[in-house]
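Okay, here's what each chain looks like letter by letter:
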Amino acid sequence: MRKSAIAWAAALALLLLCVPVGAAGSAYIYINSSSGAVSGGVSSLYAVGSEGVSQLGSDTVWALTASGLEQLSAEQEEPTSVTGGGGGLISTNGKIGIASRTVKVGLAYYYNAYRDSSLSAAWLENAVGSGYEFGYFDSDRDFVALDGTDETRLTMRVTSGTGIGVYSTDTGELLYSVSSTGSGSKLAIMPVSDDDDAETWFAGYKYRGGFEYAVLGGGTISVINVVDIEDYVMGVCASEMSGSWPLEALKAQAVCARSYAAKYMMSSTYYYSCGFDVTNDTYCQSYTGCTYVNSRITEAVNATENEYLTYDGEMTEALYFSSDGGATEDNYNVNGNNDHPYLKGVYDPYESKTDSLNHYSSWTVTYTADEIASLTGLADVEDVDTVLSETGNVIQITFTSSGGLTRTYARSACRTSLGLYSIRYEVTVGDDGSVEFTGSGWGHNLGMSQYGAYAMAAYYDADYEDILGYYFTDVSISMGYIK
């Protein structure tokens, strides 16, 4: 077996030069064993200095860190509090302008030929309520009623061109119709409820708010949920993080979800030309309406109502993901653009406390020689080299064939193109040409680790401000106001 030594070399480089216990002016330098890449832990490595050779696990080797001298013992102490990371929040009393407090979410939509979940027909059914009103949403996203029905089960179908008709699901009677729809002109339907607590079933999930329908591409119907941002955030939290998780972790999730949506709302850079702000899937944030919202999620969202994560007076793209496996990453190293100063890689000593809960705290993916040849286009992979970031994540990987041909993947492709769970891994090439990836974490490694947030809240008494200030750099929490 031949193991890539680059991962260890980069990790050792991070240990800096060591200050010895003995004479002033001398220093230790870390090296591998003479046999090449090590298979054991860091304590199996040695330091070589003016006083001879010492094993890293001994009590004679020290490292100069930002916090001063630290002994490099075999057993590293667990952190007892939340320190470092992004350095903490800068401010919690600012204000930030937002486009609206109403979000338009694409539930079934046409984006392009490759992302088309639009429907030949769409159904609605009251879960809580007494009928529907028909009309449109104005430029302020307020509903304007033009007609209505006591029917509680509706079916929407394309009539001709881009027109849509509303029918009783039970009787087939045409209840309302519009002759044309598009990105700027849609059919709107609002559930009716005396207590303003209407909930509507669509595609197996319950939603608050109203709905828009339009034929935006392919001759089929796009379905858009038009909902208050706080109700939307509850739905995202319920889909992206379990409602049984620590309250402070849920609060951090709520601020991230709200900020992410606000960054996209009414912005021509994203989905606005398609008739909505965000999608309900992992292209944006998972959202299943109010189906799984519980009292804990409601409490977390209400406690952070109208709070947004900002950087230098601007809304952040407050990214998050499942688990980092030990460290997050700079946005530029993953996406290759927008070197967001608030999306910087940080070491994560906290997340490992949740390893027993996290199915992706460690993982292995193995490809046979034929499979890796199919992935890379190289018939005989003989060697694999990785380039690591400052926090130890793979940001470039190069496969080399026996004939000297190479195939290189960079940034996010180090994960997505290879079918891996994260960018935090090591690589082993087998004598039979197989390639094994051994790693930790799940997701793009940008922003907040959800399992890290769990650990910080559950085991280190961190509140949501601590969590956000750790995973994001130089950020503030600001209260939103309509521009």
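Residues numbered from 1 in each chain as written. Predicted model: local features only at pLDDT ≥ 70, side-chain atom pairs only at ≥ 80, totals over all residues. Heavy atoms only, no water.

Caption draft 1: Here's a closer look at the sheet that holds strand β33 (residues 476–482). Across the sheet, which stays open at both edges, the 4 strands sit in the order β7-β33-β23-β24 with mixed pairing between neighbours. Strand pairing shows two members of the sheet lacking a second neighbour, β7 (94–98) and β24 (314–315), which therefore form its edges. The sheet contact formed by β7 and β33 spans 5 bridges and is parallel. Bridged to I96 within β33 is G480. (Pairing = 2+ DSSP bridges. Helix = DSSP H or I, 4+ residues; strand = E, 2+ residues; numbered from the N terminus.)

Caption draft 2: Representation of the pairing of strand β30 (residues 425–429) in the model. Most of β30 is tucked away: 4 of the 5 residues are buried. In this sheet, strand β31 (residues 435–439) lies alongside β30 in antiparallel orientation, the contact comprising 5 bridges. For V427, the partnering residue across the bridge sits in β31 and is F437. Hairpin geometry of β30 and β31 is characterised by an intervening segment of 5 residues between the two adjacent antiparallel strands and by a positive phi of about 90° at G433. (Buried < 20%, exposed > 50% of the residue type's maximum accessible area, 1.4 Å probe, protein only.)

Caption draft 3: Quick look at the nonpolar core. Counting 113 residues, the largest nonpolar core has M156, Y213, I397, F399, F437, M448 and F472 as the members making the most contacts within it. Considering every element that reaches this core, the biggest residue donor is helix α3 (residues 247–264), with 12 residues. (Core = buried A, V, L, I, M, F, W, Y, C linked by side-chain atoms within 4.5 Å.)

Caption draft 4: Spotlight on the packing of aromatic side chains. In the structure shown here, the tally under the stated rule is 26 aromatic pairs. Centroid distance Y350 to Y460: 5.0 Å. Interplanar angle 75°. Geometry classified as edge-to-face. On the criterion of sequence distance, the pair formed by Y350 in the loop between α5 (331–335) and β26 (363–367) and Y460 in the loop between α8 (450–459) and α9 (464–471) is long-range, its members being 110 residues apart. Take Y460: its relative accessible area is 9%, and that puts it in the buried class. Between the aromatic rings of Y360 and Y421, the centroid separation amounts to 4.9 Å while the plane-to-plane angle is 55°, which identifies the pairing as tilted. A residue pair is termed long-range when its members are at least 10 positions apart, and Y360 in the loop between α5 and β26 and Y421 in the loop between α7 (413–416) and β30 qualify at 61 residues. Pairwise contacts between aromatic rings join Y109, Y111, Y260, Y264, Y270, Y271 and F276 into one cluster. Over the ring of Y283 we find R115; its NZ or CZ atom is 3.5 Å from the centre of that ring. Seen from the ring of Y332, R411 lies directly overhead, with NZ or CZ sitting 4.6 Å from the centre. (Phe/Tyr/Trp six-rings, centres within 6.5 Å; stacked < 30°, edge-to-face > 60°. Lys NZ or Arg CZ within 6 Å of the ring centre and 35° of its normal.)

Caption draft 5: Expanded view of the side chain of T310. In this structure, T310 sits in strand β23 (residues 307–311). A polar side-chain atom of T310 sits 2.9 Å from a polar atom in the side chain of S478. Beyond its immediate stretch of four places on either side in the chain, T310 contacts I96, M315, T316, V475, S476 and S478. (Polar contact = N/O pair within 3.5 Å; in protein donor to acceptor, adjacent residues only side chain to side chain. Contact = heavy atoms within 4.5 Å.)

Caption draft 6: Structural context of the side chain of T288. Its location among the elements puts T288 in the loop between β22 (278–279) and α4 (295–303). Among the polar contacts made by the side chain of T288, one reaches the side chain of S239 at a distance of 2.6 Å. When near neighbours in sequence (up to four residues on either side) are disregarded, T288 contacts Y205, K206, Y207, G235 and S239.

Caption draft 7: Examining the environment of G204 more closely. Structurally, the position occupied by G204 is in the loop between β18 (199–202) and β19 (205–207). Its relative accessible area of 55% is what places G204 among the exposed residues. Taking the C-alpha atoms as reference points, G204 and T288, separated by 84 residues in sequence, lie 9.2 Å from one another.

Caption draft 8: Quick peek at a negative patch on the surface. A surface patch of like charges, here negative, comprises D380, E382, D383 and D385. Checked against the element boundaries, D380 lands in the loop between α6 (369–376) and β27 (381–388). With relative accessibility at 37%, the residue D380 sits in the partly exposed group. (Patch = residues over 30% accessible without salt bridge, like charges linked within 9 Å, V, L, I, M, F, W, Y side chains within 5 Å. Areas by Shrake-Rupley, 256 points an atom, 1.4 Å probe, with all protein chains shown as cover. Salt bridge = Lys/Arg side-chain N within 4 Å of Asp/Glu carboxyl O. Lys, Arg positive; Asp, Glu negative; His and termini not counted. Charge placed at Lys NZ, Arg CZ, Asp CG, Glu CD.)

Caption draft 9: Highlighting the environment of E426. By secondary structure assignment, the location of E426 is in strand β30. Remark: the alpha-carbon pair of E426 and T386, spanning 40 residues in sequence, is separated by 8.3 Å.

Caption draft 10: Structural context of the layout of surface pockets. Its boundaries defined by the atoms lining it, the second largest pocket holds a volume of some 1,100 Å³. Residue lining of the second largest pocket: 36 residues in total, with T282, C284, Y320, F321 and H444 positioned closest to the centre. Taken together, the elements giving at least two residues each to the lining of the second largest pocket come down to α2 (229–240), α3, β25 (320–321), α5 and α8. Across the lining of the second largest pocket, the residue classes break down as 15 nonpolar, 17 polar and 4 charged. (1 Å grid on protein atoms, 1.4 Å probe; cavity = no way out; pocket = protein on both sides within 12 Å on 5 of 7 lines; lining within 4 Å. Points joined across faces, edges and corners; volume = space filled by probe spheres on them. Nonpolar A, V, L, I, M, F, W, Y, C, P; charged D, E, K, R; others polar.)

Caption draft 11: Representation of unusual backbone geometry in the model. Despite not being glycine, A203 shows a phi value in the positive range, around 50°. Note on placement: A203 falls in the loop between β18 and β19. Judged by its relative accessible area of 60%, A203 is exposed. Despite not being glycine, D312 shows a phi value in the positive range, around 50°.

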